[in-house]
Each structure stands twice: as structure tokens, then as C-alpha cells.
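Coordinates in review
Each chain, written out:
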Amino acid sequence: MGNDADYIRWVYSNIIQVYYIVDSKELEYFYSGINTNPVGASPFFEYQIIYQNLIFNKTISLIGLLKELLMDGYCFTSSVNEFYIPNKEFYHKRYFKHGLMVYGFDDETKILDIAGFDMTWKFNTGKVSYEEYEKAFMTCKVNERCTIFKRKNLKYHLDTMSIKWLLEDYIGSKNTTERLRILANPLKGCMFGQEAFLAALELKDNIDYRDLYTIYEHKKVMVSRLTYLAENLKQTAFIEKLDCYSKITGKVYGLLLYCLKNIKNNVKSDKVYYVSKIKELLKEEKDILQNVIEHL
């Protein structure tokens, strides 16, 4: 989808807000407020759901099902045991459950085309044999949903009003679900926007590098969004703020690398240090995004 102009415009228009669920300690991007990362949130895909037990119980053939779906234009995502997936950190080392997408196959070589995080934790494509994928799926030990989806014929124009509203909610740490009551009652027990990022760091016993990665990813996507706005709306304000925001993104990335280095060296991360640094960067970010809002 990275080359799909309509999808990119939808992401830039709508995937801005974040929230932290206090009870489950989950930091997530905000979609529609129904639940964490709801399956049917994106309007670009036609979705179907099955549960892994249907395949665990040998009711249907896993590889046979995959080939039928792939030939019909669908992709297939599920949790797998990465012990059996090549180019993964835990390949032939230990059990590790993680999501994986299958998007193609070659029946002659009996190879599946897959997409997910590689051994360096960068999102990438790869290949796995039918045999190893089946072992990875069947030893996953969970009855989670498998998502089957394909692209719908949908066009989408950049929505600057949505960007403005969501940026206001993000820097103001507002509960966006207050404006989406037609979908469900507003979410309770959650922190939104910049406060969500701080809560993810402050309310856990230790710093989780995955939360730092989410913060970094959010900033990196914002840089892409500002670049797109500068190029398409011809606003000099966006160009002026882009360099400042890029520096914030680089600083967050530096914190992430420092955390990963500590993990590798078995050094406990200083939570106070990370929280203070992120607070400083969020304050800088708020000033920049306030200016962006004024020019939308």
C-alpha cells in the first residue's frame, strides 16, 4: 500500500491520534474508538475473519486455504511461531509469537511470499517454505483471529479538516471518542495524544523499547505528512517547520537506540531520564504543530 496514492492520503488525513489503555498497558494508534486497532477500521479493504482453531482442528487444509485466498486476490495475516520463520530474530532459537502476512505463493518451489519485521526489526518482505510456515502456524498455541483482506476500489482525497481536528486532539490530549458517539460510548480509562506517550513511559515499571519505537514511528510519519503538505498545499509554513520536526524525530530515534543498547548490555534503563527527554521533545513538537494547525 506504500505506493497507493489514495491510501497514503487517507493515512495522512486520519492516522494521527494515539491512545494508551491504562488497564492493559497498550499504546495504540487511534482509528475509530471501538477497540484496540479494530480489524475493519480501514475503508480500503474488504475483510473476512476466521479463528486459528478452525485450522488447528484440521477442519481445513492451511496451505490449501492460503492458495485459494491468494488466487482470489486476498492477503492473509495471523500470529505465527517465529521459531520456524527464516530471517527472524528467533529463527531456530526459541518460541516467539508475532504477526505475519502472506501475500503470494509459488507451487513449483512450494514457497510463500511473506511480509513482516525481519531480524533487524525493520518491516520487510521474505519467503518461507510451505512446511516451515505450517509448523509456525500450527505451533503458535493461541486461538487468535486470522484476518483475510483485499483492496477495495476506493478513492480518497486529502482531508485537511480531519488533519486539523486530529492534530488539535493530539497536542491537546483530548479524548477523540467524545466526538464519535454514533459508533460507541466514549472510551474510559484511556489517555490520549501526547499524554498517552507519557503514560506509556510513566505507568510501566520499566521502559519498553516498543513504546519508544511507537513514539519514533509517529514522528517519522508526521515528517512524511508535513513533507506531503508542503509539496501539495504550497505553504511555506510547512517547509519552515519540517526541519525542526525532523530534528525531534532524530532525537527520539537516538533515545530508542540508546534503550536498545542498554538492553543488549543488560543495563536497566533510567525511566526518569527517558520521561524527561520525551517531555522536552513533546513540548517542542506542540509548538510546531500548533503553527501547522494555524495554516491548515
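A short tour of the structure in this document, coming up. (Residues numbered from 1 in each chain as written. Predicted model: local features only at pLDDT ≥ 70, side-chain atom pairs only at ≥ 80, totals over all residues. Heavy atoms only, no water.)

1. Description of the sheet that holds strand β6 (residues 111-117)
The strands that make up a sheet pair up through hydrogen bonds in the backbone, lying either parallel or antiparallel. We apply this condition: Strand pairing is defined by DSSP finding a minimum of two bridges between the two strands. Helix numbers and strand numbers start at the N terminus; a helix is a DSSP run of H or I with at least 4 residues, a strand a run of E with at least 2. Inter-axis angles, ranging from 0 to 180 degrees, are taken between N-to-C directions of lines fitted to C-alpha atoms, where helices are fitted over the stretch in contact. Contacts are residue-level and defined by heavy atoms, with any inter-residue pair within 4.5 Å sufficient.
Read from one edge to the other, the open sheet built from 6 strands follows the order β3-β8-β4-β5-β6-β7, with strand pairing classed as antiparallel. Two strands close off the open sheet at either side, each with one partner strand: β3 (45-51) and β7 (123-129). On average, each strand axis in the sheet is tilted by 30 degrees relative to the strand beside it, whichever way the strands run. In this sheet, strand β8 (residues 145-151) lies alongside strand β4 (residues 75-81) in antiparallel orientation, the contact comprising 3 bridges. Note that in β8 the partner of F76 across the bridge is I148. Against the sheet, helix α4 (residues 130-138) engages β4, β5 (97-106), β6, β7 and β8, with an angle of about 65 degrees to β4.

2. Re the side chain of Q17
Basically, it comes down to this: Polar contacts, as counted here, are pairs of nitrogen or oxygen atoms within 3.5 Å of one another; within protein the pair requires one atom able to donate a hydrogen and one able to accept it, and residues that are adjacent in sequence qualify only if both atoms are side-chain atoms.
On the secondary structure map, Q17 appears in the loop between α1 (5-14) and β1 (18-21). Of the polar contacts made by the side chain of Q17, one reaches the backbone oxygen of K174; its length is 3.1 Å.

3. Some details on α4
Stated precisely, the cut-off is as follows: Under the scheme applied here, a residue whose accessible area is under 20% of the maximum for its type counts as buried, over 50% as exposed, and between as partly exposed, the area being computed with a 1.4 Å probe on protein chains only. Throughout, the arc means the angular range of directions from the helix axis out to the C-beta atoms.
Within the span of α4, buried status applies to Y130, E132, Y133, A136 and F137. For α4, the buried positions fall inside an angular range of 165 degrees around the axis, keeping them on one side.

4. Details of the sheet that holds strand β9 (residues 190-192)
Taking strand neighbours across the sheet as the criterion, the 3 strands line up as β2-β1-β9 in an open arrangement whose pairing is antiparallel. Since the sheet does not close on itself, it has two edges, and those belong to β2 (26-29) and β9, each with one partner. In this sheet, adjacent strand axes meet at a mean angle of 25 degrees when their direction is disregarded. By the bridge criterion, 3 bridges tie β1 to β9 in an arrangement that is antiparallel.

5. Looking at the packing of aromatic side chains
To keep it simple, the criterion reads: Each Phe, Tyr or Trp ring (for Trp, its six-membered ring) is paired with any other whose centre lies within 6.5 Å, and the angle between the two planes then decides the class: stacked below 30 degrees, edge-to-face above 60, tilted in between. Sitting over a ring, as applied to charges here, requires NZ of Lys or CZ of Arg to be within 6 Å of the ring centre and within 35 degrees of the ring normal.
Using the criterion set out here, one finds 24 aromatic pairs in the structure. Here F117 and F123 contribute two aromatic rings whose centre-to-centre distance is 5.7 Å and whose plane-to-plane angle is 85 degrees, an arrangement assigned as edge-to-face. A relative accessible area of 25% places F117 in the partly exposed class. Accessibility expressed as a relative area gives 57% for F123, which makes it exposed. Clustering of aromatic rings is evident, with ring pairs tying together Y7, W10, F44, F45, Y47, F149 and Y156. Looking at K141, its charged tip hangs above the ring of Y95, at a distance of 4.6 Å from the centre.

6. So, the side chain of Q52
As for its position among the elements, Q52 is in the loop between β3 and α2 (53-56). In this view, Q52 contacts S78, S79, F137, C140, V142, N143, E144 and C146; residues no more than four positions away in its chain are not counted.

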